[in-house]
Amino acid sequence: LFAQHTDFIFAAIGEEVKALKGSRVAVFSDGFVSTLPLVTQAMDNMKAMGLEVMMFNRIGPNPTDAMVMDGVAEMHAFKPDVMVCVCRGSLPCL
């Protein structure tokens, strides 16, 4: 599922994850976006639905190899079956 600038996607992200038969969600973002109510509410909703959720929010502009490898290491440790990237403007997700 790929969407840009759509509140409704975040309101229903838990249902989308479950429809994909997912149970472990890795969310990737930056330090600012990860604190926005849209994102924190989506995280809370997924947890309330019984999904296991991890947030990796140490992504910056022009991600360095170290940023990417930190994200990969956390993802491998968590073993998600679904990844969600929430980025802004020119800030790429992993």
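To be clear, the structure that these remarks concern was listed above.
Structural notes, computed from the coordinates. It should be emphasised that the depicted structure is a prediction, and the values quoted were computed from it without experimental measurement.

### Some thoughts on the pattern of salt bridges
Under the counting rule described, the total for this entry stands at 2 salt bridges. Salt-bridge contacts for Arg24 lead to Glu52; the nearest nitrogen and oxygen are separated by 2.6 Å. Linking Arg24 in strand β1 (residues 24-28) with Glu52 in strand β2 (residues 52-56), this pair joins segments that are 28 residues apart in sequence. When its relative accessible area of 43% is taken as the criterion, Glu52 is described as partly exposed. One salt bridge in this structure joins Glu74 and Arg58, with 2.5 Å as the shortest N-O distance. With Glu74 in helix α4 (residues 65-78) and Arg58 in the loop between β2 and α4, this pair connects stretches of sequence that are 16 residues apart.

### Observations concerning a nonpolar patch on the surface
Residues Phe32, Leu36 and Leu38 make up a contiguous nonpolar surface patch of roughly 240 Å² in combined accessible area. Taking the relative accessible area as the measure of exposure, Leu38 reaches 34% and is therefore partly exposed.

### Here we look at the side chain of Ser34
Position of Ser34 among the secondary structure elements: in the loop between β1 and α3 (37-48). Under the relative-accessibility criterion, Ser34 is labelled buried at 8%. A distance of 3.0 Å separates a polar atom in the side chain of Ser34 from the backbone oxygen of Asp30. Polar side-chain contacts of Ser34 include one of 3.1 Å to the side chain of Asn57. The contact partners of Ser34, leaving out residues within four places of it in the chain, are Ser29, Val39, Thr40, Met55 and Asn57.

Procedures and definitions
- Residues numbered from 1 in each chain as written.
- Predicted model: local features only at pLDDT ≥ 70, side-chain atom pairs only at ≥ 80, totals over all residues.
- Heavy atoms only, no water.
- Salt bridge = Lys/Arg side-chain N within 4 Å of Asp/Glu carboxyl O.
- Helix = DSSP H or I, 4+ residues; strand = E, 2+ residues; numbered from the N terminus.
- Buried < 20%, exposed > 50% of the residue type's maximum accessible area, 1.4 Å probe, protein only.
- Patch = residues over 30% accessible without salt bridge, like charges linked within 9 Å, V, L, I, M, F, W, Y side chains within 5 Å.
- Areas by Shrake-Rupley, 256 points an atom, 1.4 Å probe, with all protein chains shown as cover.
- Polar contact = N/O pair within 3.5 Å; in protein donor to acceptor, adjacent residues only side chain to side chain.
- Contact = heavy atoms within 4.5 Å.

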